[in-house]
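# Working through the structure, step by step
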Amino acid sequence: MPSAIPKANLPIHDFSYFSNSEGEEKLKAATEIVDAFKTYGFVYLVNHSISTEKTKTLFDWSKKFFYLPYDERTKPELLCPATDPKQSGFVARGYTPVGVEKLPQNLDDQGLKSLRAVPDSKDMFEMGPDKGVGQEREPNRYPPDAVIPGFRDFTTSFFWDAHELGMDILRCIAIGLGLDENYFVSYHEDADNLFRLIRYPAVERAAIKAGTTARTTAHTDFGSITILFQDDVGGLEVEDPAKPGTYIVATPVQGSVIVNVGDFLMRWSNDVLKSNLHRVVEPPADRVLSNDMEITKERFSIPFFVQADRKKVVQCVKELEGSGAKYPPVSAEEYLNMRRKATFKKF
Ligand SMILES: O=C(O)CCC(=O)C(=O)O
Ligand SMILES: [Fe+2]
């Protein structure tokens, strides 16, 4: 007997119903998950292929990294190239200090300037694949093994577990949309994904409330899908499609991953799948350290951005065209570079 599915404010599904079934059963499980992506753009999955134990160990490694001395994290060879004005690439690898990335809500947003005036209070460590075109284009930037022994091996192994889970989810989406199960997977052969460890430092609650600092302002993700691991602090919210401008609290659910559709896949699906706005706000009151200042707890989260092979050109899926394709063909490279360019402060 599978155990009861925990409760959440957004759809939550037992992924083993998809992974461990065939035929009609599999189709039913996939259709339910795809329905959630059509409506909310977000779904929680429990009983997926990555164990709670391994995820917990990943968070332990993330803490170890962010607790390294500041000088170790900010060595020039470790800093993300996108933070360096002399570099032309927009490739995320290595360490990004607090205040550099600002996720825009919308590329044409008139308010982008004022949004950017409020720094996102977070720092990040990002990795790509350890082999293949993604690695050749921009090698990973790790601290020396002597500084944090085992970090590189563990995160590399986790990268491939998350990639496999991503491919299973893309199969599920394809089946749920009535397509060949490898329709999307065949555009993700390079595993050119982005794996991001985030630390939101403890901040004054009043500052988040007053809007003088933010955790992550409202944005959509760029890629195909995002698989998010979060700790138990909370703060993630997803826009309520029934009431735009209001948000649903995406409470932490142990052992789950939160999966969301990115803009690239939304475009590719001719807007059948929804890429939805989300943000990270102050955590609930009980996650505030009790002292005079009301400092919110430090929060750790780990998104894994599944991204398509850069050279492949996608056009709106024929079967989803309805009364016509809404977008011209685009290569993943063109699209992702365009989005990334708008993300970093210096550009
Ligand atoms: O920290 C989180 O929970 C979400 C982060 C996020 O949305 C992102 O990095 O795109
Ligand atoms: Fe996001």
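Residues numbered from 1 in each chain as written. Chains lettered and ligands numbered in written order. Predicted model: local features only at pLDDT ≥ 70, side-chain atom pairs only at ≥ 80, totals over all residues.

## Side note on the overall build of the protein
A tally of regular secondary structure across the protein gives 10 helices and 16 strands. Partitioning the intrachain contacts of the protein with sequence separation of at least 6 by distance along the chain shows that 74% fall at a separation of at least 24. (Helix = DSSP H or I, 4+ residues; strand = E, 2+ residues; numbered from the N terminus. Contact = placed C-beta atoms within 7 Å.)

## A short note on unusual backbone geometry
The phi torsion at Asn 47 lies on the positive side, around 50°, for a residue other than glycine. Look at Asn 47 and you get partly exposed, because 17 C-beta atoms sit within 10 Å. (Buried ≥ 20, exposed ≤ 12 C-beta atoms within 10 Å, placed from the backbone.)

## Description of the pairing of strand β10 (residues 257-261)
The buried count for β10 comes to five of five residues, which makes it a mostly enclosed element. Every second residue of β10 is oriented toward a common face, with Val 257, Val 259 and Val 261 on one face and Ile 258 and Asn 260 on the other, all of them buried. Bridge count for strand β2 (residues 42-46) against β10 is four bridges, and the pairing is antiparallel. Bridged to Tyr 44 within β10 is Ile 258. (Pairing = 2+ DSSP bridges.)

## As for the site of ligand 1
Around ligand 1 sit Ile 198, Thr 216, Asp 221, Leu 228, Gln 230, Leu 236, His 278, Val 280, Ser 301 and Pro 303, and those are all the residues in its vicinity. Secondary-structure elements contributing two or more residues to the shell around ligand 1 are β7 (225-230), β11 (278-280) and β14 (299-306). For the shell around ligand 1, a count of residues per class yields five nonpolar, four polar and one charged. (Near = placed C-beta within 6 Å. Nonpolar A, V, L, I, M, F, W, Y, C, P; charged D, E, K, R; others polar.)

## Let's talk about the sheet that holds strand β9 (residues 247-249)
Read across the open sheet, the four strands follow the order β6-β11-β8-β9; overall the sheet is antiparallel. Of all the strands in the sheet, the pair left with one neighbour each is β6 (216-219) and β9. For this sheet, the mean inter-axis angle between neighbouring strands, taken without regard to orientation, is 20°. Relative to β11, β6 runs antiparallel, the two being bridged by two bridges. (Axes fitted to C-alpha atoms, helices over the stretch in contact; angles between N-to-C directions.)

## Section: helix α10 (residues 332-341)
Looking at α10, one finds that the buried residues are Ala 332, Tyr 335 and Leu 336. Along the axis of α10, the buried positions cluster into a sector of 90°, meaning they face one direction only. Of the exposed residues in α10, the ones pointing more than 90 degrees away from its buried face are Glu 334 and Lys 341. (Arc of directions from axis to C-beta.)

## Focus on the sheet that holds strand β4 (residues 123-127)
As summarised here, the arrangement of the eight strands in space is β1-β2-β10-β7-β14-β5-β4-β3, forming an open sheet in which the pairing is mixed. At either margin of the open sheet sits one strand with a lone partner, and together these are β1 (12-14) and β3 (94-96). Across the sheet, the mean angle from the axis of one strand to that of its neighbour is 25°, orientation sign disregarded. Here β7 pairs with β10 via four bridges, running antiparallel.

## Brief notes about the nonpolar core
Grouped together as the largest cluster of nonpolar side chains are 72 residues, with contacts concentrated most on Ile 33, Val 43, Ile 173 and Ile 227. When residues in this core are grouped by element, the largest group, 10 residues, is from helix α7 (residues 151-176). Apart from the residues lying within four places of it in its own chain, the contact partners of Val 43 are Leu 10, Pro 11, His 13, Ile 33, Ala 36, Phe 37 and Val 259. (Core = buried A, V, L, I, M, F, W, Y, C linked by C-beta atoms within 7 Å.)

## Focus on the confidence of the model for the protein
Mean pLDDT over the protein: 88, with 86% of residues reaching 70 or higher. Ignoring residues within four places in sequence, the model shows residues 104-115, a span with pLDDT below 50, making 14 contacts including any to other chains. We note a pTM of 0.91 for the whole complex and an ipTM of 0.99 for its interfaces. (pLDDT = per-residue confidence, 0-100.)

## Quick look at the pairing of β14
Counting buried residues along β14, eight of its eight residues qualify, which places the element largely inside the surrounding structure. Burial along β14 is two-sided: the residues Arg 299, Ser 301, Pro 303 and Phe 305 and Phe 300, Ile 302, Phe 304 and Val 306 are all buried. One ladder, built from five bridges, connects strand β5 (residues 194-200) with β14; its direction is antiparallel. Counterpart to Leu 194 in the pairing with β14 is Phe 305. With six bridges connecting them, β7 and β14 associate as antiparallel partners. For Ile 227, the partnering residue across the bridge sits in β14 and is Phe 304.

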